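The chain contents come next:
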Amino acid sequence: SLLSKMGGDVTFSDFVPKVLENLEETVMVNKLRGRVVSLNWEKEAETRGKEASSASWYGGCVDEGEITRFAHLDEGEMFDVIVGTDICYESDHPELLRAVVSRRLKRGGKLFILNAVRSLEIHRRLVDLLGSMCRSVTTESINSEEGKYAVNINEYGCTQHSRYYAGGMQLITALR
């Protein structure tokens, strides 16, 4: 949303209909320059040779019919910059994210992922996979010093600090 306020054309994406609806409302209420699209990582991976099963994604709780009303990316659409926040937390996410980045980030493009690292193994796998396809990948701990921590809101709406995550908050920056 900050990128939109600075004049950038922003594409907001998710796969869960309720999140997409919230994104649409956010764009409208805040008068942002941008669009909201449904993006199914498994389908992105499928085009890279991995078979996808949308029914298995999100525990089968997403009905394909619900997401048809949302816009989708064009087949060959690519981006100069991709920004993701708290998007890699399940064991299959690193491979799926690699497929999305491979398909959607232009050569020379930049990727920024700010993530609460729940699993060090998943985080390392993501960094390794991105490293195999990008010119450079760096990680930076966002945990501040002197007992002050990056703040997150958990699923119950309560403040949760980065110290509760195995790897804290990490910023991954990659150049393709």
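Keep in mind it's a predicted model, so treat the numbers as computed, not measured. (Residues numbered from 1 in each chain as written. Predicted model: local features only at pLDDT ≥ 70, side-chain atom pairs only at ≥ 80, totals over all residues. Heavy atoms only, no water.)

A.B. asks: Tell me about the layout of surface pockets, and please be specific about residues and values.
C.D. replies: The calculated volume of the largest pocket comes to roughly 1,300 Å³. Lining the largest pocket are 39 residues, with Thr 11, Phe 12, Ser 13, Val 83 and Gly 84 sitting closest to its centre. Listing elements by their share of the lining of the largest pocket, those giving two or more residues are β1 (10-14), α2 (17-29), β4 (79-85) and α5 (93-104). It is β4 that provides the largest number of residues to the lining of the largest pocket, a total of seven residues. Taken together, the residues of the lining of the largest pocket sort by class into 24 nonpolar, 10 polar and five charged. (1 Å grid on protein atoms, 1.4 Å probe; cavity = no way out; pocket = protein on both sides within 12 Å on 5 of 7 lines; lining within 4 Å. Points joined across faces, edges and corners; volume = space filled by probe spheres on them. Helix = DSSP H or I, 4+ residues; strand = E, 2+ residues; numbered from the N terminus. Nonpolar A, V, L, I, M, F, W, Y, C, P; charged D, E, K, R; others polar.)

A.B. asks: Describe helix α6 (residues 120-131), with residues and values.
C.D. replies: Here α6 spans 16 Å end to end across 12 residues, near enough to the 16 Å set by a 1.5 Å rise per residue. Within α6, burial applies to Ile 122, His 123, Leu 126, Val 127, Leu 129 and Leu 130. Axial view of α6: buried residues confined to an arc of 165°, hence all on one face. Opposite the packed face of α6, turned more than 90 degrees from it, sit the exposed residues Glu 121, Arg 124 and Asp 128. Lining the buried residues of α6 we find α5, β5 (105-116), β6 (136-141) and β9 (169-175). (Expected span 1.5 Å × (residues − 1). Buried < 20%, exposed > 50% of the residue type's maximum accessible area, 1.4 Å probe, protein only. Arc of directions from axis to C-beta. Contact = heavy atoms within 4.5 Å.)

A.B. asks: How would you explain the pairing of β4 if you had to name every residue and give the values?
C.D. replies: Two strands pair when backbone bridges link them, and β4 and β5 are joined in this way by six bridges, in the parallel orientation. When the sheet's bridge partners are listed, Val 81 is paired in β5 with Lys 110. Regarding the hand of the β-α-β motif, the stretch spanning β4, α5 and β5 is right-handed. (Pairing = 2+ DSSP bridges. Right-handed = clockwise from strand over helix to strand, strands pointing away.)

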